[in-house]
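Residue strings, one per chain:
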Amino acid sequence: MTVPQVLTIAGSDSGGGAGIQADLKTFQERGVFGLSVLTAVTAQNTLGVQRVGVVEPELLSAQLDSIGSDFQLAAVKTGMLADPFTIERVVEAVMTYSWPNLVVDPVMVAKGGHSLLEQQAIDTLKQLLLPHSVLVTPNTPEMELLTGIPITDDSSARRAMESLLETGVYAVLLKGGHRKGPTATDLYLDQTGKEFRLSTPRLDTTQTHGTGCTFSAAIAAELAKGNSMERACGTAKQFIQAALAYPLHIGSGHGPTHHAAYRLFEERKEAGVNERTESVFHYGHSR
Ligand SMILES: Nc1ncnc2c1ncn2[C@@H]1O[C@H](COP(=O)(O)OP(=O)(O)O)[C@@H](O)[C@H]1O
Ligand SMILES: Cc1ncc(COP(=O)(O)OP(=O)(O)O)c(N)n1
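Residues numbered from 1 in each chain as written. Chains lettered and ligands numbered in written order. Predicted model: local features only at pLDDT ≥ 70, side-chain atom pairs only at ≥ 80, totals over all residues. Heavy atoms only, no water.

Caption draft 1: The arrangement of unusual backbone geometry in detail. The phi dihedral of Asn101 falls on the positive side, at around 50 degrees, and the residue is not glycine. Within the secondary structure layout, Asn101 lies in the loop between helix 3 (84–96) and strand 5 (102–104). With a phi angle near 55 degrees, His249 is a residue other than glycine that sits in the positive phi range. Note on placement: His249 falls in the loop between helix 8 (229–245) and helix 9 (261–270). (Helix = DSSP H or I, 4+ residues; strand = E, 2+ residues; numbered from the N terminus.)

Caption draft 2: Here's a closer look at the pairing of strand 8 (residues 183–190). Counting buried positions along strand 8 yields seven of eight residues, so the element is predominantly enclosed. The sheet contact formed by strand 7 (residues 171–174) and strand 8 spans four bridges and is antiparallel. Across the sheet, Val172 pairs through a bridge with Leu189, a residue of strand 8. Relative to strand 9 (residues 195–201), strand 8 is paired through seven bridges, and the arrangement is antiparallel. Across the sheet, the residue bridging to Asp186 is Leu198, located in strand 9. Turn length for the strand 8-strand 9 hairpin, with the two strands adjacent in sequence and antiparallel, is four residues, and the turn residue Gly193 shows positive phi of about 90 degrees. (Buried < 20%, exposed > 50% of the residue type's maximum accessible area, 1.4 Å probe, protein only. Pairing = 2+ DSSP bridges.)

Caption draft 3: A look at the site of ligand 2. In the vicinity of ligand 2 lie 16 residues, with Gln44, Lys111, His209, Gly212 and Cys213 positioned nearest. Between an oxygen atom of ligand 2 and a side-chain N or O atom of Lys111, the distance comes to 3.0 Å. One of the backbone N or O atoms of Gly212 is found 3.1 Å from an oxygen atom in ligand 2. Considering ligand 2 on its own, with 420 Å² of exposed area, one finds that the protein chains cover 96% of that surface. If you map ligand 2 onto the pockets, it falls in the largest pocket. Elements supplying a minimum of two residues to the shell around ligand 2: strand 1 (5–13) and helix 7 (211–224). (Near = heavy atom within 4 Å. Polar contact = N/O pair within 3.5 Å; in protein donor to acceptor, adjacent residues only side chain to side chain. Areas by Shrake-Rupley, 256 points an atom, 1.4 Å probe, with all protein chains shown as cover. 1 Å grid on protein atoms, 1.4 Å probe; cavity = no way out; pocket = protein on both sides within 12 Å on 5 of 7 lines; lining within 4 Å. Sits in = over half its atoms within 2 Å of the grid points.)

Next comes the structure, spelled out in structure tokens:
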């Protein structure tokens, strides 16, 4: 039996809800074999980030080369990349090993406000890494930093997406978690002019730690299995909705999402329990 091998290049979250830990849990849930390259170690919990240590350059390079010299990757996702050197080394590895299906989650700031990417690394990310990606998945503040365009409504969101594509990015999925309104709507646009929107009811929850990591990891896993971009994003949207709708209430702050929730739903559905009629699952997908 062969299983798609998927690499996450990201930081460790000791709290287990974001970063490498969220990615590997998501990969396991979506039936792909997860590999990891650590860029940084964070001392972090549901209350915030207490400390960050970046992995030294030689050790970062050694991890990338260990993966590149042995595994046949079907997809790669990046999360916390910390600084310009880390980004440069990741780009070298992507080119040396011709890694396919690169999904870039341009992680910049944790929800509690702690910086996870040096300010001067934003240009390096744009110029060197994004052109190699099949998809970049910014949240609203990240999109504003990448483009300099304030996002206040759908038309400014559209302008920002077009502006990012003009820099050579192939496709962007602008996440709607930070916007207001009754739905959490994510907008997709690519160089071919293809566009779609993914929409679910906005859940009133504080248990949102690691949503972006989990979502982009699910997209990478679905691409690795050979699904189209549209289908991969659609499945990932339903995966994160389930993970948000049935939280575990771990820790005393912004708790992690529930990575097993989508699978547990599918299993209960197969057993004849039809909970997906619940309003939290009114998933909308339009073009
Ligand atoms: N309260 C919410 N209810 C439903 N979906 C949400 C909610 N918050 C975020 N999402 C969804 O989770 C995914 C991650 O988005 P977001 O939270 O914006 O990313 P990040 O963690 O990078 O800030 C997106 O699909 C977004 O629409
Ligand atoms: C190690 C690490 N990587 C990434 C993040 C940010 O994750 P995200 O999914 O954006 O979730 P929040 O931090 O916004 O809850 C992180 N916190 N730690």
